[in-house]
Amino acid sequence: MSTTEKWKASAEQIVGKAVRKTAHALGKEKTALKGAGLEARGKARHLKEKTKDAFKH
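Residues numbered from 1 in each chain as written. Predicted model: local features only at pLDDT ≥ 70, side-chain atom pairs only at ≥ 80, totals over all residues. Heavy atoms only, no water.

Peer 1: Report on the packing of helix H1 (residues 3-26) against helix H2 (residues 29-56), specifying residues and quantitative values.
Peer 2: Running from N to C, H1 and H2 cross one another at 160 degrees; their axes reach a closest spacing of 7 Å. Of the possible angle classes, the one that applies to H1 and H2 is roughly antiparallel. Here H1 and H2 pass one another in a crossing that is left-handed. Here the contact of H1 with H2 is built from residues that sort into seven nonpolar, seven polar and 11 charged. (Axes fitted to C-alpha atoms, helices over the stretch in contact; angles between N-to-C directions. Helix = DSSP H or I, 4+ residues; strand = E, 2+ residues; numbered from the N terminus. Parallel < 35°, antiparallel > 145°, perpendicular 65-115°, else oblique. Left-handed = near helix turned anticlockwise from the far one by under 90°. Nonpolar A, V, L, I, M, F, W, Y, C, P; charged D, E, K, R; others polar.)

This is the structure in structure tokens:
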């Protein structure tokens, strides 16, 4: 897994989770959904990189 991609995936997951939880606590559901989407994109990026590495070896 590329180190840069790993960091991007982790950052997206962390930021997405923070946005989602903060927006949900403030009652801003539309923003909470955007945060959940960002978190999901980070998880998908991580899974993609992990899969690429599995086929390299």
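Back to the text.
Peer 1: Just give me the short version of the environment of threonine 3, but keep the residues and values in it.
Peer 2: In this structure, threonine 3 sits in helix H1. A C-alpha to C-alpha distance of 9.9 Å links threonine 3 and glutamate 49, two positions 46 residues apart in sequence.

Peer 1: Explain the environment of aspartate 53 residue by residue, including any values.
Peer 2: Examined against the element boundaries, aspartate 53 turns out to sit in helix H2. The sequence separation of aspartate 53 and threonine 31 amounts to 22 residues, and the corresponding C-alpha distance is 33 Å.

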